[in-house]
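# Coordinate analysis (summary)
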Amino acid sequence: MDINLLVSFYGVNVMTKKDVIQLLEKIAIYMELNGENTFKVSAYRKAAQSLEIDERSLDEIKDVTELKGIGKGVGEVISEYRETGTSSTLKELQRLVPEGLIPLMKIQGLGSKKIAKLYKELNITDKEHLQEACEAGKVSELSGFAKKTEQNILEAVKALGAKKDHYPIDLMRHLNKDIMTYLEQLEEVEHYSEAGSFRRYKEVSKDLDYIISTRHPLHVQQHLLNIPNKVKEVAVGETKVSLELEYDDETIGVDFRLVEPEAFYHTLQHFTGSKDHNIRIRQLAKAQNEKVSEYGIEQQDGTLLQFQSEAEIYQHFGRHWIAPAMREDGSEFDRDLNSIITLDDIKGDLHMHTTYSDGAFSIREMIEANIKKGYEYMVITDHSKSLKVAHGLQVERLLRQNEEIKNLNEEYTEIDIYSGTEMDILPDGSLDYEDDILSQLDYVIAAIHQSFNQSEEEIMKRLEHACRNPYVRHIAHPTGRIIERREGYQPNIEQLMQLAEETQTVMEINANPKRLDLNAATVKKYPNIKLTINTDAHHVDHLDFMKYGVATAQKGFVNKDRVINTMTRDAFKNFINNNICLLYTSDAADDLLCV
C-alpha cells in the first residue's frame, strides 16, 4: 500500500472511510471537468453519500457493493484504492484534465460544471487564460455568466496565488509540516525550529521563519535552495536564505536563518519575538549592565554568554520560561504566569465525532486514540438530527449510540467514556432534541450551525435559550467563525458572556486551527467565564489540535482553574453526575462545587 496517501494512527498507517469518500468526490469533480456523462458523475457522488451515512468504519465494511448506491464499477475503484492506496481511474482523469483547472475551484461561484463550460467553450485551462478571457469580456458572452459574475471572477482570479499580507494559521501549519519534514532529512542540521509569529500561535502570519543550527551553513544553504515548490529566491546568503514557496495555490515567504549551534537558542528566542517582548528582555539585560542579541548575552567585559536552552536565558534574568504564545505586548512580564494553563493540564477532550455522524473513526477507535493521548475521560458528541449534511443522529440512533457508549465505558477501565451530543440550536431558538432525550445523556453541547445571517437579537435569543436549558453544559465555537474564510454569526459577546456567567454555561475554545473560537481577546476580557478547550475532532489525528486551543488560552492568560477539562477523573465524574456547577470555591478546578 502507498503509505504516503494514508494517515497515521497508533504508529501505523490506516486508510479511513473519509479517505475513500474524498477519492470518490474527487473523481466526480474530475469527471465533470472532463465533460463526462452526468449519470457516471452521479454514481460516484451517490457512492460517496452511501459511505458517509453508513455508521461503520471502513474496516467494518467488507463488501462496499452491499451498500445501496454502490455498483460493481465504483466498487472496483474503491477496492483498488483500499488495496493499493492509489486509483488508476483518478490518475487517468488527472492526465486528461488540464492541471490548471483545479485551482479555479477555489473561486467563489465557480463550480466544476461552470469550469467545464469555460474549458469546453473558451478553451480556458488555467487562471492566466481565465483572466484574459474576463478582461476581453468573453466570459459574460456565455450563457449563465452575467457581466457582474465576470467582474467578480476577474477580481478573484487576480487574487488567486498572489502573495498576500498574511495567511491563516491552518494553512501555515500544513506548510510548516512539510518544511519541518524536509529539514529533518538534512544531516548537516543539528537543531531547527520554527520561529516568528507562527511559533507564537498567531491566528495569521505574513510568512514563516526558521532557525537552523549547523557547522556547515553553505551545504545547508544549497539544500534549502532545492526545497520542493520553490518559486523564487528572494535573498541567499551564508546566514540567511529567503525564499517564496508555492503551497495550496498560495505564494508564501519563508526565511531560514543559519547559526552556529552555540547561538541557536538565543537566535530562536530573538526571532520568535514579539518586538514588545524583546524590548522587555533588553530592559532586563540593561538593568544588569548587559546587552542581549540574537547571538547571546554580552557581559560588561565583552565576553558572550551562550545558553543551551531558552529556559536558561529567562532564568538568567530572574524569570521563568514564558511560553511563545504569551510573548506579545510585554505585559506577560508583569503577570503571575504560574497557574496559566499548559497542554499537560488537559485531562480529557469533551467534543469529538465518530462514524455515527461525520467522523472518520468508530467510537472504539476514538476511545483507543484518547487513551493513547493519556486522557482520563472523554465525551462522544456526534451531530444532532437537523444537521443532515453531517448525517446527524435521529433520536433512535442517538439512544442506540448512548447505549453503546455506556457498554464500552464498562469495558474500558483506563478511561471514562461519556455519552453526549453536539446539538443544533435551530433558527427559531428551539433545540434539536427534547429535554426527555437530553436527560438520558451525560453531557450536552449546544451549537449554531445554520442561519448565520440572522440579526444579533435573533442570534442572542437562540443562544439564551440554549444557555438556560438545564441540560446544556457548554456552547461550542460560540461565534462560528472560520479564520480568514468566514466571519461567522454575530452574537453580542458582552451579553453572551454575562449570560454564561449567570447560567454557569461553559464557553468553548474550539482548538481546531480553522476556528480558535472563542479567541484569545475574548477569554482575556472576560476572566470569570468558565471554559473548556476541545478539538472537535473528526479524525484521530485531530486530537493533536489541542495545543492550538491551549495556546489560545495562554494568549488570554487563562488559569487552569477556569478550564473544566483540567479536572481530575474523579472531579469530572462528580461534575457529570451532578447537574449544574454553581461556583468556584478555590483556585483549583478540582474544587468545583456541584449540586
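## What about the overall build of the protein?
Along its length, the protein carries 21 helices and 21 strands. The principal-axis extents of the C-alpha atoms in the protein amount to approximately 80 × 65 × 45 Å. Burial statistics for the protein: of 595 residues in total, 53% are counted as buried. Considering only contacts within the protein whose residues lie at least 6 apart along the sequence, 66% involve residues at least 24 apart. Approximately 27200 Å² of the protein is accessible, and the part contributed by carbon and sulfur atoms is 47%.

## Quick word on the side chain of Arg515
On the secondary structure map, Arg515 appears in the loop between β18 (506–510) and α19 (520–525). Residue classification places Arg515 among the buried positions, given a relative accessible area of 13%.

## Observations regarding the layout of surface pockets
If you roll a probe as big as a water molecule over the atoms, it shows you where there is empty space left. The volume enclosed by the second largest pocket comes to roughly 1000 Å³. Taken together, 31 residues make up the lining of the second largest pocket; nearest its centre are Lys26, Tyr30, Leu90, Gln94 and Ile102. For the lining of the second largest pocket, the secondary-structure elements that each account for two or more residues are α1 (17–33), α4 (88–96), α6 (127–135) and β8 (240–247). Per element, the largest residue contribution to the lining of the second largest pocket is seven residues, and it comes from α1.

## Some points on the confidence of the model for the protein
Detail in the predicted coordinates should be disregarded across regions flagged by low pLDDT. With 95% of its residues at a pLDDT of 70 or more, the protein shows a mean pLDDT of 93. Residue range residues 580–595 is modelled with pLDDT below 50. Its contacts to residues more than four positions away, or to other chains, number 42 contacts.

## Description of the packing of α1 against helix α5 (residues 112–122)
Taken N-terminus to C-terminus, the directions of α1 and α5 make an angle of 30 degrees; their axes are 8 Å apart at the nearest point. Regarding the angle of α1 to α5, the classification is roughly parallel. Relative to α5, α1 is oriented so that their crossing is right-handed. In this structure, α1 uses Ile29, Glu32 and Leu33 to contact α5, whose residues at the interface are Ser112, Lys113, Ile115, Ala116 and Tyr119.

## Quick look at helix α20 (residues 546–555)
Across the 10 residues of α20, nine count as buried, placing the element largely inside the fold. Of all the residues in α20, the buried ones are Met546, Tyr548, Gly549, Val550, Ala551, Thr552, Ala553, Gln554 and Lys555. Its buried side turned inward, α20 meets α8 (169–184), β13 (348–349), β18, α19 and β19 (531–534).

## What to know about the nonpolar core
Ranked by size, the top nonpolar core spans 92 residues in total, and within it Ile179, Phe256, Ile417, Leu463, Met507, Leu531 and Ile533 carry the most contacts. The element contributing the most residues to this core is α8, with eight residues. Once residues within four sequence positions are removed from consideration, Phe256 is found in contact with Ile179, Leu183, Tyr210, Ile212, Leu224, Ile227, Thr239, Lys240, Val241 and Leu243. With 44 residues, the next largest nonpolar core counts Leu24, Leu33, Val77 and Leu154 among its residues.

## Points about the sheet that holds strand β10 (residues 291–293)
By definition, the strands of a sheet pair up through backbone hydrogen bonds, in either a parallel or an antiparallel sense. Taken in spatial order, the three strands make up an open sheet running β10-β11-β12, and their pairing is antiparallel. Unpaired on one side and paired on the other, β10 and β12 (304–305) mark the two borders of the sheet. Bridge count for β10 against strand β11 (residues 296–298) is three bridges, and the pairing is antiparallel. Bridge pairing in β11 links Ser293 to Gly296.

## Here's the deal with the environment of Tyr471
Relative to the assigned elements, Tyr471 resides in the loop between α17 (456–467) and β17 (472–475). Exposure remark for Tyr471: the relative accessible area of 27% places this residue in the partly exposed category. If we skip the residues at most four places from it in the chain, Tyr471 touches Asp435, Leu438, Ser439 and Val444.

## Topic: the packing of α1 against helix α2 (residues 38–53)
Between α1 and α2, whose axes approach to 9 Å, the crossing angle comes to 165 degrees. In terms of orientation, α1 lies roughly antiparallel with respect to α2. For the crossing formed where α1 meets α2, the hand is left-handed. Mapping the contact onto sequence places Lys17, Lys18, Val20, Ile21, Leu24, Glu25, Ile27, Ala28, Ile29, Met31 and Glu32 in α1 and Lys40, Val41, Tyr44, Arg45, Ala47, Ala48, Leu51 and Glu52 in α2.

## A closer look at the pairing of β17
Strand direction decides the pairing type here: strand β16 (residues 443–447) and β17, joined by three bridges, are parallel. Bridge pairing in β17 links Val444 to Val472. Crossover connection from β16 via α17 to parallel β17: handedness right-handed. As judged from the two bridges shared by β17 and β18, these two strands associate in the parallel manner. Counted as the bridge partner of Ile475 is Met507 from β18. Each parallel crossover has a hand, and the one from β17 via helix α18 (residues 493–503) to β18 is right-handed.

What counts and how
- Residue numbers run consecutively from 1 along every chain, following the written order of its sequence.
- Where local features are concerned, this predicted model is filtered to residues with pLDDT of at least 70; where side-chain atom pairs are given and counted, the filter is 80 or more; whole-chain, interface and lining totals use all residues.
- Water and hydrogen atoms play no part in the side-chain values, which are based on all heavy atoms of the structure.
- Where helices and strands are cited, they refer to DSSP runs of H or I of at least four residues and of E of at least two residues respectively, numbered from the N terminus.
- For every residue, the accessible area obtained with a 1.4 Å probe (protein chains only) is divided by the maximum for its type, and the residue is called buried under 20%, exposed over 50%, and partly exposed between those limits.
- In this description, contact between two residues means that some pair of their heavy atoms is separated by no more than 4.5 Å.
- For the area figures, the Shrake-Rupley method with a 1.4 Å probe applies, and any residue is considered shielded solely by the protein chains shown.
- Every definition here rests on a 1 Å grid over the protein atoms only: cavities are sets of points where a 1.4 Å probe fits but cannot get out, pockets are open sets enclosed by protein on both sides within 12 Å along at least five of seven lines, and lining residues have some atom within 4 Å of a point.
- Grid points are joined across faces, edges and corners, and a volume is the space filled by probe spheres set on the points.
- pLDDT: the predictor's confidence for each residue, scored from 0 to 100.
- Throughout, an axis means a line fitted to C-alpha atoms (over the contacting stretch in the case of helices), and angles, computed between N-to-C directions, take values from 0 to 180 degrees.
- Any angle that is under 35 degrees is reported as roughly parallel, and any over 145 degrees as roughly antiparallel; angles of 65 to 115 degrees are reported as roughly perpendicular and all others as oblique.
- The crossing is said to be left-handed when, going from far helix to near helix, the turn is anticlockwise and less than a right angle, and right-handed when the turn is clockwise.
- Residue types Ala, Val, Leu, Ile, Met, Phe, Trp, Tyr and Cys, when buried and joined through side-chain atoms within 4.5 Å, form a set referred to as a nonpolar core.
- Here, strands pair whenever DSSP counts at least two bridges between them.
- By convention, orient the strands away from the viewer: a clockwise path from the first strand over the helix to the second makes the crossover right-handed.

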